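# What the coordinates show
This is what each chain is made of:
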Amino acid sequence: MLHEKAAQAPIDPVTFRKVMGNFATGVAVVTTAVDGTRFGMAVNSLASVSLDPCLLLVCPKKGSATGDAIKRSGVFAVNVLGESQQDLCMRFVGEEASRFDELDLDEDNRGVPLLPGSLAHISCQLEAVHPGGDHDIIVGRVVDCSLETGNPLIFHDGQFCRRAA
Ligand SMILES: Cc1cc2nc3c(=O)[nH]c(=O)nc-3n(C[C@H](O)[C@H](O)[C@H](O)COP(=O)(O)O)c2cc1C
């Protein structure tokens, strides 16, 4: 049987963004280093993918400095931000040139920067890069992870929020 699809108008990206903004997420900064130069960007496109093996994904926009650096280094870390780290998050967005200046940075054993005060650190090996429209779907294999106590920074409807007490 032949199924003919009626031509559908493309979804307006602004509407899609607004709709997806109602899916509340945490906030993380993805970091890496290439030849001693550090890179990092804020993301909320973080998801757990698999438990055996432990895999996660993040989706940097195509051409993003940090996404390209991850593809070159083959390693990255996810720094899950706590509720008091909104200002830190905004260092890792836009034209901020000095993203890592004056931070009391730690490093994992591959030299990837770890942000101080984060709720969790997850060190990953690059597993795969899949196409995702104007973004890349970067899959990481978890090689190390640690957790602190505290409340997460939350992003909802374009705003940072805190969990109700
Ligand atoms: C809360 C929040 C979440 C974000 N999530 C993403 C994301 O998942 N993917 C993305 O490409 N950009 C995301 N951005 C925007 C990037 O952080 C921003 O474009 C950044 O400047 C990219 O860094 P780069 O130039 O080093 O790649 C987010 C911004 C904020 C404030």
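Starting from 1, residues in each chain are numbered consecutively following that chain's sequence as written. Reporting in this predicted model follows two pLDDT cut-offs: at least 70 for local features of residues, and 80 or more for side-chain atom pairs to be given and counted; totals over whole chains, interfaces and linings ignore these cut-offs and use all residues. Hydrogens and water molecules were not included; the side-chain quantities draw on all heavy atoms of the structure.

## A closer look at the pairing of strand S2 (residues 28-34)
In this scheme, a residue with accessible area under 20% of its type's maximum is buried, one over 50% is exposed, and one in between is partly exposed, where area comes from a 1.4 Å probe on protein chains only. Helix and strand definitions follow DSSP, with helices as H or I runs of at least four residues and strands as E runs of at least two, each counted in order from the N terminus. The element S2 is extensively covered by neighbouring structure, given that six of its seven residues are classed as buried. Pairing between strands is defined by DSSP: at least two bridges between them are needed. Pairing of S2 with strand S3 (residues 37-43), which is carried by seven bridges, proceeds in the antiparallel orientation. Bridge assignment links Ala 28 to a residue of S3, and that residue is Val 43. Hairpin connection from S2 to S3: two residues lie between these consecutive antiparallel strands, with Asp 35 at a positive phi of about 50 degrees. As paired elements, S2 and strand S6 (residues 75-80) share four bridges and run antiparallel to each other. Bridging from a neighbouring strand, Val 30 pairs with Val 78 of S6.

## Observations concerning the pattern of salt bridges
Between Lys or Arg on one side and Asp or Glu on the other, a salt bridge is scored when a side-chain nitrogen of the former is within 4 Å of a carboxyl oxygen of the latter. Evaluation of the coordinates by the stated rule reveals seven salt bridges. When the shortest N-O distance is used, the salt bridge between Asp 136 and Lys 62 registers 2.8 Å. Taken as a pair, Asp 136 in strand S10 (residues 135-147) and Lys 62 in the loop between strand S5 (54-58) and helix H2 (65-73) lie far apart in primary sequence, 74 residues in all. For Lys 71, the salt bridge is made with Asp 68, and the minimal N-O distance between the two is 3.8 Å. Linking Lys 71 with Asp 68, this pair stays in helix H2, spanning three residues, or about one helical turn. By relative accessible area, which is 31% here, Asp 68 ends up partly exposed.

## What to know about the sheet that holds strand S1 (residues 25-26)
The strand order across the open sheet formed by three strands is S1-S11-S12, and the pairing between neighbours is antiparallel. The open sheet has two edge strands, S1 and strand S12 (159-161), and neither has a second partner. Two elements, S1 and strand S11 (residues 154-156), share two bridges in a ladder whose sense is antiparallel. Within S11, the residue paired with Thr 25 across the bridge is Phe 155.

## Some words on the site of the ligand
We call a residue near a molecule or strand as soon as one heavy atom of that residue lies within 4 Å of the molecule or strand. The ligand sits among 18 residues. The nearest are Ala 42, Ser 45, Lys 61, Thr 66 and Arg 99. The separation between a nitrogen atom of the ligand and a polar main-chain atom of Asn 44 is 3.0 Å. Whenever a nitrogen or oxygen atom comes within 3.5 Å of another N or O atom, the pair is scored as a polar contact, on the condition that within protein one atom can donate a hydrogen and the other can accept it, and that pairs from neighbouring residues in sequence are kept only if both atoms are in side chains. One of the backbone N or O atoms of Gly 94 is found 2.8 Å from an oxygen atom in the ligand. Areas reported here follow the Shrake-Rupley algorithm with a probe of radius 1.4 Å; residue values treat only the protein chains shown as occluding. For the ligand, the protein covers 78% of the area, taking 630 Å² as the surface of the free molecule. Residue assignment for the shell around the ligand shows that the elements contributing at least two residues are S3 and H2. Along the lines of polarity and charge, the residues of the shell around the ligand split into nine nonpolar, seven polar and two charged. Gly is placed with the polar residues, together with every amino acid not listed as nonpolar (Ala, Val, Leu, Ile, Met, Phe, Trp, Tyr, Cys and Pro) or charged (Asp, Glu, Lys and Arg).

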